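Chains, contacts and geometry: an overview
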Amino acid sequence: MIGLSSYAGVMESPMNSAVEQQPVSPLDNTWKQETINNQKPRSVGGFVLVHAGAGYHSESKAKEYKHVCKRACQRVSLLCVSSLCASISNNDSPFTNAGTGSNLNLSGEIECDASIMDGKSLHFGAVGAIGGIRNPVLVANRLLSEAQKGKLSAGRIPPCFLVGRGAHDWAVSHGIPPCPSDKMATKFSLSAYKRNKRKMELAEKMDTGHNQTKKRRQSSENENGSGCLDTVGAVVVDLEGNVAAAVSSGGLAMKHPGRVGQAAHYGCGCWAENACNMNPYSTAVSTSGSPFLASEDRVLGGVIVLRCCTCVDAQPSQSIQGILVEFLWSHTTESMCVGYMSAQDSKAKTHISRLPAGTVPGQSLAIEGGVCRLMAVVE
């Protein structure tokens, strides 16, 4: 169990259950007097929750995985969408399957997927199977921001989702620097590619029936370090209750060139939606995992979720506004690495969540989470 000493909540223990777990709501007992000597709480920024993929995180590299999440949290500038991109554009770590160090496809090239969504405007930007760009989420964000400017010349509708060479050329034309694919490959990803290629060549010389095909697909999934770390992602909220979500992925190892994974699809890789008259909660979600195919024996994936609402403290002053943030992560994979931080924290908290001993990945579920309260003086 992990304590959240600086938050208004307690971390839940990991659960091994497929039953939906409702987080304990803090609403009933939250708005207690927090001032000291009648001083108002100082204004602080927002909150960010990141993940470095759902898959397998070895104990020997736990420090490196946590450092990836810690650095991602600390890059947040608390401008919601822009801070989100700063957070997960940290894709230069060889320990994540996003940007630099991503899985190589059948042709030995890196093609990435990414998407981002702004909960305030509900605008969405995404790229699929894009090569030669170090941080694809920056392209997704630029697509989103350009779409918010309105129609193009002659009344043309601006793109929100681009793929392949078209996505690459659009990115370069909008000032995002290219990066050769061979510069994005790492020693680890190249080694995994060579092992996968040898296995595929051997398998093709043997029985190519249904069972062998299934075994080949499963071995490919597990090759990149005992289970692919499919994505990096983040969800954020600012003091006005605006939320945003993003996700970035290198996709499956040995995928067919041009394949677009779930990270880029609308409503699949990420989602963000601000509170409205019909719904008092703002919600942001970012997912991670292998393909959800009916023919698979195991459903492997992970998710981070943020839910928040805005309240005003009736005592002692109506000018004090707060954001109640409930957050959680859940996964069916062996492990999932996460980090979280609010502006009032001096450093990010990181954690590798693991399934309980003896449980079967893909058939078991772990859920953990906590509660955070953000305070601000309303001008």
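Residues numbered from 1 in each chain as written. Predicted model: local features only at pLDDT ≥ 70, side-chain atom pairs only at ≥ 80, totals over all residues. Heavy atoms only, no water.

Looking at an unreviewed UniProt entry, one finds the protein named Taspase, threonine aspartase, 1, with Salarias fasciatus as its source organism. The Sequence similarities (unreviewed entry) comment attached to the protein in UniProt states, word for word, "Belongs to the Ntn-hydrolase family." (UniProt positions renumbered as here; feature names shortened; annotations may be inferred.)

Points about helix α4 (residues 164-173)
Taken as a whole, α4 has its buried residues at Ala167, His168, Trp170 and Ala171. Buried residues of α4 fall within an arc of 165 degrees about the axis and therefore sit on the same side. The outward face of α4, more than 90 degrees from its buried face, is lined by the exposed residues Arg165 and Ser173. Next to the buried residues of α4 lie β3 (124-130), α3 (136-147) and β4 (161-163). Following α4 by one or two positions, Gly175 has its phi on the positive side, about 85 degrees. (Buried < 20%, exposed > 50% of the residue type's maximum accessible area, 1.4 Å probe, protein only. Helix = DSSP H or I, 4+ residues; strand = E, 2+ residues; numbered from the N terminus. Arc of directions from axis to C-beta. Contact = heavy atoms within 4.5 Å.)

Observations concerning the nonpolar core
Judged by nonpolar contacts, the single largest core of 43 residues is most densely connected at Val48, Val50, Leu84, Val127, Ile130 and Val139. The leading source of residues in this core is helix α1 (residues 62-74), at 6 residues. Within the second largest apolar cluster, 28 residues are counted, among which are Val247, Ala263, Val325 and Val338. (Core = buried A, V, L, I, M, F, W, Y, C linked by side-chain atoms within 4.5 Å.)

What about the pattern of salt bridges?
Opposite charge on two side chains makes pairing possible when the charged atoms of those side chains draw close. Applying the stated rule across the entire model yields 5 salt bridges. Between Glu59 and Arg354 there is a salt bridge; the shortest N-O distance is 3.3 Å. Taken together, the residues span a long stretch of sequence, with Glu59 in the loop between β1 (47-55) and α1 and Arg354 in strand β12 (residues 349-354) at a distance of 295 residues. Given the relative accessible area of 60%, Glu59 is considered exposed. Exposure remark for Arg354: the relative accessible area of 25% places this residue in the partly exposed category. Its salt-bridge partner being Arg165, residue Asp169 comes within 3.1 Å of it at the nearest N-O pair. In this pair, Asp169 and Arg165 are both assigned in helix α4, 4 residues apart and thus about one turn of the helix distant. For Asp169, a relative accessible area of 37% puts it in the partly exposed group. Among the charged side chains, a salt-bridge network with shared partners connects Arg142, Glu146 and Lys149. (Salt bridge = Lys/Arg side-chain N within 4 Å of Asp/Glu carboxyl O.)

Some points on the UniProt feature "active site" (unreviewed entry) in the protein
Under the local residue numbering, the UniProt record ascribes the feature "active site" (unreviewed entry) to Thr231. Not counting the four nearest positions on each side in its chain, Thr231 is found in contact with His51, Ala52, Gly53, Asn97, Val247, Ser248, Ser249, Ala263, Thr287 and Ser288.

What about the packing of aromatic side chains?
Taken as a whole and judged by the stated rule, the model has 6 aromatic pairs. Judged by centre distance (5.8 Å) and plane angle (25 degrees), the rings of Trp329 and Tyr340 are stacked. Taken together, the positions of Trp329 in strand β10 (residues 320-331) and Tyr340 in strand β11 (residues 335-342) put the pair 11 residues apart, joining distant regions of the chain. Residue classification places Trp329 among the buried positions, given a relative accessible area of 0%. An aromatic cluster of at least three residues, connected via ring pairs, comprises Phe47, Phe327, Trp329 and Tyr340. The aromatic ring of Tyr281 is capped on one face by Arg307, whose charged end is 3.8 Å from the ring centroid. (Phe/Tyr/Trp six-rings, centres within 6.5 Å; stacked < 30°, edge-to-face > 60°. Lys NZ or Arg CZ within 6 Å of the ring centre and 35° of its normal.)

Thoughts on the side chain of Ser181
Structurally, Ser181 can be placed in helix α5 (residues 181-184). One polar contact links Ser181 to Glu109, side chain to side chain, over a distance of 3.2 Å. Excluding anything up to four places from it in sequence, Ser181 contacts Glu109 and Ile110. (Polar contact = N/O pair within 3.5 Å; in protein donor to acceptor, adjacent residues only side chain to side chain.)

As for the side chain of Thr96
Tracing the backbone through its elements, the reader meets Thr96 in the loop between α2 (81-88) and β2 (112-118). When its relative accessible area of 2% is taken as the criterion, Thr96 is described as buried.

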